[in-house]
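# Summary of the model geometry
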Amino acid sequence: PAEPPARVLVVGGGYTGFEAASHAAFLLHRTTGCGYAELRHLCPITILEKGPEPLHNISPRVQRWAMQLVAEFGVDVHTGVTVESFGADGSARLSDGSVLKRAIVIWAVGVTPGQAAAALDVPKTKGGRIAVDRFLRVPGSERAFAAGDVAGPVPEGAGAPLRMGIQFSLAGGRCAGANAARMLRGRRLKEFRPFDPGYVVPLAPGQAAGVVLGREVCGRAPYFLHYFMCALRSWGIGNKAAV
């Protein structure tokens, strides 16, 4: 019997998973010249999300837009399932018991702090990030600060830490560094009060979605805004030009 077609399994239904799956479909389309509908038979692309829904931390409107977007690229999204193990023959066994042969797996599961942070005996948030007070100090230590994605600052009145994001990492780094200097000089510490301009995530070639200044945005405009900000924040003329 004929071998089953090779398939791409993207494990993780978050931003990175959607971006990887849509770009894989785009590259296959450009390389083979096949339409996206044909790719479902030539090389099926599937996003596997372990939870009950993909992109669970964005608004329903943006979520629906993203789902429709990847569907147009011939990508299927399966929830409540993930890869459980790999076979020496190139197969992948899923958590629902099915076995898929000739699987090309792209691992795009959630982000967590590294082993160094996990090994610290300090209070942590639900996601394993280091808990901090309003000055970005680690509880129980007046001389230790945490900033960036490893820290989990909770804004006043909020029930969960700030999302991981470059703007909060930059602002947190500046605040923690300044507070460390203030502590050494015996000066009063400054509270961490970051401004949230929103976020934009590229989900496909030429397409992005997110929230900018409190407004939901989808399509080409946020895509170009994303790369404009990437270029703006890059170091050096060469890096800016490359972006």
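Presented here is an overview of the structure given in this document. (Residues numbered from 1 in each chain as written. Predicted model: local features only at pLDDT ≥ 70, side-chain atom pairs only at ≥ 80, totals over all residues. Heavy atoms only, no water.)

## Some details on the nonpolar core
If you look at the biggest cluster of nonpolar residues, it comprises 23 residues, and the most contacted ones within it are F18, I45, V75 and L203. Those elements that place two or more of their residues in this core are β1 (7-11), α1 (15-32), β2 (45-49), α3 (60-72) and β8 (198-204). Beyond its immediate sequence surroundings of up to four residues, V75 is in contact with A21, A25, R40, I45, I47 and V70. Residues L162, F168, C175 and F192 belong to the second largest nonpolar core, which totals 12 residues. (Core = buried A, V, L, I, M, F, W, Y, C linked by side-chain atoms within 4.5 Å. Buried < 20%, exposed > 50% of the residue type's maximum accessible area, 1.4 Å probe, protein only. Helix = DSSP H or I, 4+ residues; strand = E, 2+ residues; numbered from the N terminus. Contact = heavy atoms within 4.5 Å.)

## Focus on the pattern of salt bridges
For the coordinates displayed, the defined rule picks out seven salt bridges. The salt bridge partner of R61 is E216, with a shortest N-O separation of 3.4 Å. Here the residue R61 occupies a position in helix α3, and E216 occupies one in strand β10 (residues 215-219), the gap between them amounting to 155 residues. Here R134 and E191 are joined by a salt bridge, their closest N and O atoms 3.0 Å apart. (Salt bridge = Lys/Arg side-chain N within 4 Å of Asp/Glu carboxyl O.)

## Details of a nonpolar patch on the surface
There is a patch of nonpolar side chains on the surface, built from F86, W107 and V109 and spanning about 340 Å² of accessible area. With respect to the helices, strands and loops of the structure, F86 is situated in strand β4 (residues 83-86). Classification of F86 as exposed rests on a relative accessible area of 53%. (Patch = residues over 30% accessible without salt bridge, like charges linked within 9 Å, V, L, I, M, F, W, Y side chains within 5 Å. Areas by Shrake-Rupley, 256 points an atom, 1.4 Å probe, with all protein chains shown as cover.)

## Points about the sheet that holds β4
Taken in spatial order, the three strands make up an open sheet running β4-β5-β6, and their pairing is antiparallel. Edge positions in the open sheet fall to β4 and β6 (99-100), since each of these has one partner strand only. As defined by bridge partners, β4 adjoins strand β5 (residues 92-94) across three bridges and the pair is classed as antiparallel. Bridge pairing in β5 places F86 opposite A92. (Pairing = 2+ DSSP bridges.)

## Notes on the sheet that holds β8
Pairing is antiparallel in the open sheet, where three strands are placed in the order β8-β9-β10. In this open sheet, the two strands that pair with only one neighbour each are β8 and β10. Across this sheet, the average inter-strand angle for adjacent strands is 10°, counted without regard to direction. For strand β9 (residues 207-212) and β10, the ladder comprises five bridges, and the chain directions are antiparallel. In the sheet register, A209 faces β10, and the bridge partner there is C218. (Axes fitted to C-alpha atoms, helices over the stretch in contact; angles between N-to-C directions.)

## Section: α1
The end-to-end C-alpha distance of α1, which contains 18 residues, comes to 26 Å, matching closely the 26 Å that a straight helix rising 1.5 Å per residue would cover. Every buried residue of α1 is listed here: G17, F18, A21, S22, A24 and A25. For α1, the angular spread of buried residues about the axis comes to 155°, placing them on one side. Pointing more than 90 degrees away from the buried face of α1 are the exposed residues R30 and T31. As for α1, its buried residues are in contact with β1, α2 (36-42), β2, α3, β3 (75-79) and β8. Just beyond α1, the residue with positive phi is G33, at close to 80°. (Expected span 1.5 Å × (residues − 1). Arc of directions from axis to C-beta.)

## Structural notes on the side chain of T125
With respect to the element layout, T125 can be found in the loop between α4 (115-119) and α5 (166-185). Look at T125 and you get buried, because its relative accessible area is 18%.

## Regarding unusual backbone geometry
Backbone geometry places L136, a non-glycine residue, at a positive phi of 70°. Mapping L136 onto the fold places it in the loop between α4 and α5. Here L136 falls in the buried class, since its relative accessible area comes to 1%. A positive phi angle, near 50°, is found at L213, a position not held by glycine. Here L213 shows up in the loop between β9 and β10.

The values are spatial; any link to function lies outside them.
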